[in-house]
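A closer look at the structure
Here's the letter readout for the chains.
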Amino acid sequence: MLTRKNPKNGDDLSILGFGCMRLPMKGSSIDEEKAIALIRDAADRGVNYFDTAYPYHGGKSEPLLGKALADGYRERVKVATKLPQFMINSLDKAKKMFDTQLSRLNMDYIDYYLLHMLADGAGFERLKKLGIIDWLEQLKKDGVIKNLGFSFHGVKAGFEEIIKAYDWDFCQIQYNYMDENNQAGRSGLELAESMGIPVIIMEPLRGGQLVNQLPKVITDKFTAYDGKRSNAEWSLRWLWNQPGVTVVLSGMNEQDQLDDNINAASAMEPNSLSGEEITIYDDVKRIMIEKTKVPCTGCAYCMPCPAGVNIPQVFSLYNEKYLLEGKREKYKYMMELGVGAKKPGFASQCIDCGKCEKHCPQSIEIRKELKNARKELEGFFFKPTVALVRKMARVK
C-alpha cells in the first residue's frame, strides 16, 4: 500500500481510504459481520484512513466502525468523522452531537474531524458566530481532535471562500474524471495544494456510475489499452496521478472491490500516466458528458422524500437508459421501484415540495429532473399496470 505524506502534520496516509457511507447490507441493516471483516482486512493490508459521519447509515456507521477498530486496530489507523453543521443551530447541540459521536465510536479522540457539507463562506461564518469554531479549536488544544477540516458541497467560488477563511488542517472534496470542473474541481484541488492543505477525495467512482454504468464504447476503450484493469482502477489511477490528492476514499462493500482497489493502490505514483492514457480519459469524459442526463452520485442526501420517491434510484435508472443504451429500463423501473419494492417510489409521486433540493450536494433541479424521468420511464398505462402486477404478485 502506497502512502502520501500529509504536508501539515507529517502523517503517512494510505492513498486508499475506506469510506463507511456504503457498508455491506443485510436487508435494511448493515451486515455487521461482513463489514467488520472488510474493515479489518483493509487495515491489515495497509489502509490506515477510515471515514464516517454522524448521519451515515442512519447513525449506525459510527458504532460499526468503532466495533471494527476494537481489539488493537484503533491505534494503527486514523479515524475521520464529521459534525453535521446543517443540523446545528447552537453550540450546545454541537457539543451533544460530538459527545454522542465519541460514545458511538467508543473513542476518546478523533484524528480528522470535519465540518460536514459546507457550501460557502456564509455557512462557515454562521458556525463562527455560534462559537463552534472556538470550541473546536479548544478541543484541538486538548487533543480530543487532532486535525480540523471540512467537506465541501457547493460551487467553485464557495470553495475558495471557505478555504481562504481559516487555517484548515485538511479538506475533503468530490472529485473524479467526470467532475473535473464541477464543485471545487481541479482548480480547487490545486489551490489547496498551493496552500499546503491535504485533500481527501470523496465520490471517486461517482456513486458507482464510473464502474457500473459505463457504455460499451467506453469499456472497449479501456479494455483495448489494458484488459486487466477494472473500471474502478481506471478511475482511481486518474486521481492518484495528481500529486495534490492525498487520500482517495472508496466505499467498498465486497471483498473483490477491496482486493481490486488495494492492488491498484500498490502501484500508482503521481504523474505516471502516459500520454496515451490521458487521451483515453479525455475521450471517455466527452462521451460520458454527452450521455449523462442527471449528475446524481447516489449519495442520498435528498432522502427520505416526504412523498416516498426513491430519488437516487429513479435517476440511476434514468441515466442508465442513456449511458448503457439499454432496452429494459422501463421494465426495471417498474419492477425495482414498484412491483419489487415494499412501497412504490416512482418519480410521479413527487409533490413538488422542494425539500430534496435544499440538501443536494450537486445542486440538481430535482423536481424538474423527476418530471423528465417520469416522461421517459412512465406512460399512460403505467400505474394501472403496476397496480395489476402488484395484485397478481400479492404485494401489499
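Residues numbered from 1 in each chain as written. Predicted model: local features only at pLDDT ≥ 70, side-chain atom pairs only at ≥ 80, totals over all residues. Heavy atoms only, no water.

**What to know about the packing of helix 1 (residues 32–44) against helix 11 (residues 255–264)**
Running from amino to carboxyl end, helix 1 crosses helix 11 at an angle of 15 degrees, the nearest separation of the two axes being 10 Å. Here helix 11 runs roughly parallel to helix 1, going by the angle between their axes. For helix 1 against helix 11, the interelement crossing comes out right-handed. The segment helix 1 lies against helix 11, with Leu38, Asp41 and Ala42 engaging Gln255, Leu258 and Ile262. When the residues that make up the contact of helix 1 with helix 11 are grouped by side-chain class, the tally is four nonpolar, one polar and one charged. (Axes fitted to C-alpha atoms, helices over the stretch in contact; angles between N-to-C directions. Helix = DSSP H or I, 4+ residues; strand = E, 2+ residues; numbered from the N terminus. Parallel < 35°, antiparallel > 145°, perpendicular 65-115°, else oblique. Left-handed = near helix turned anticlockwise from the far one by under 90°. Contact = heavy atoms within 4.5 Å. Nonpolar A, V, L, I, M, F, W, Y, C, P; charged D, E, K, R; others polar.)

**A word on the side chain of Gln174**
Structurally, Gln174 is set in strand 10 (residues 170–174). Judged by relative accessible area, which is 2%, Gln174 ranks as buried. Within polar-contact distance, the side chain of Gln174 engages the side chain of Asp179 at 2.8 Å. Engagement of the side chain of Gln174 in a polar contact is seen with the side chain of Gln362, the distance being 2.7 Å. Discounting chain neighbours no more than four positions away, the residues touching Gln174 are Phe152, Asp179, Gln183, Met202, Glu203, Thr297 and Gln362. (Buried < 20%, exposed > 50% of the residue type's maximum accessible area, 1.4 Å probe, protein only. Polar contact = N/O pair within 3.5 Å; in protein donor to acceptor, adjacent residues only side chain to side chain.)

**Quick look at the packing of aromatic side chains**
Across all of its chains, the model carries 20 aromatic pairs by this definition. With a centroid separation of 5.8 Å and an interplanar angle of 55 degrees, the aromatic rings of Phe124 and Tyr166 are classed as tilted. On the criterion of sequence distance, the pair formed by Phe124 in helix 4 (residues 121–129) and Tyr166 in the loop between helix 6 (156–164) and strand 10 is long-range, its members being 42 residues apart. Across the pair, Tyr166 and Phe124 agree in class, each one buried. Centroid distance Trp234 to Tyr281: 5.5 Å. Interplanar angle 70 degrees. Geometry classified as edge-to-face. A residue pair is termed long-range when its members are at least 10 positions apart, and Trp234 in helix 10 (residues 231–240) and Tyr281 in helix 12 (residues 275–291) qualify at 47 residues. The class for Trp234 is buried, based on a relative accessible area of 0%. Accessibility expressed as a relative area gives 1% for Tyr281, which makes it buried. (Phe/Tyr/Trp six-rings, centres within 6.5 Å; stacked < 30°, edge-to-face > 60°.)

**A closer look at the side chain of Asp11**
You can see Asp11 is positioned in the loop between strand 1 (3–5) and strand 2 (12–14). Judged by relative accessible area, Asp11 falls into the buried class, the value being 16%. The contacts of Asp11, once residues within four sequence positions are left out, are Arg4, Lys5, Asn6, Lys78, Tyr112 and Asn147.

**Comments concerning the sheet that holds strand 8 (residues 110–118)**
Here we have eight strands rolled up into a closed barrel, ordered 3-6-7-8-9-10-11-12, and parallel in their pairing. Adjacent strand axes in the sheet meet at a mean angle of 30 degrees when their direction is disregarded. Where strand 9 (residues 145–152) lies against strand 10, three bridges are found, and the strand directions are parallel. Residue pairing in the sheet places Gly149 in a bridge with Phe170 of strand 10. Against the sheet, helix 6 engages strand 8, strand 9 and strand 10, with an angle of about 160 degrees to strand 9. Where helix 10 meets the sheet, its contacts fall on strand 3 (16–19), strand 11 (199–202) and strand 12 (245–250), and the angle it forms with strand 12 comes to roughly 160 degrees. (Pairing = 2+ DSSP bridges.)

**Quick look at the pattern of salt bridges**
Within the structure shown, the criterion is met by 27 salt bridges. The salt bridge involving Glu32 is made with Lys67; its shortest N-O contact spans 3.2 Å. Of this pair, Glu32 sits in helix 1 while Lys67 is found in helix 2 (residues 61–68), placing the two residues 35 residues apart along the sequence. Under the relative-accessibility criterion, Glu32 is labelled partly exposed at 36%. Residue classification places Lys67 among the partly exposed positions, given a relative accessible area of 45%. Lys221 is the partner of Asp283 in a salt bridge, and the nearest nitrogen-oxygen pair spans 3.6 Å. Separated by 62 residues along the polypeptide, Asp283 in helix 12 and Lys221 in helix 9 (residues 216–225) bring together distant segments of the chain. Under the relative-accessibility criterion, Asp283 is labelled partly exposed at 24%. For Lys221, a relative accessible area of 27% gives the class partly exposed. Residues joined in a network through salt bridges with shared partners are Glu180, Arg186, Asp282 and Lys285. (Salt bridge = Lys/Arg side-chain N within 4 Å of Asp/Glu carboxyl O.)

**Quick notes on the nonpolar core**
In terms of nonpolar packing, the biggest core is built from 87 residues, with Phe18, Ile39, Phe150, Trp168 and Trp240 touching the most fellow members. The element best represented in this core is helix 1, accounting for six residues. The residues touching Phe18, leaving out its near neighbours within four places in the chain, are Leu23, Leu38, Ile39, Ala42, Val47, Tyr49, Phe50, Asp51, Leu249, Ser250 and Met252. If you look at the next biggest cluster of nonpolar residues, it comprises 24 residues, including Cys302, Cys305, Phe346 and Ile364. (Core = buried A, V, L, I, M, F, W, Y, C linked by side-chain atoms within 4.5 Å.)

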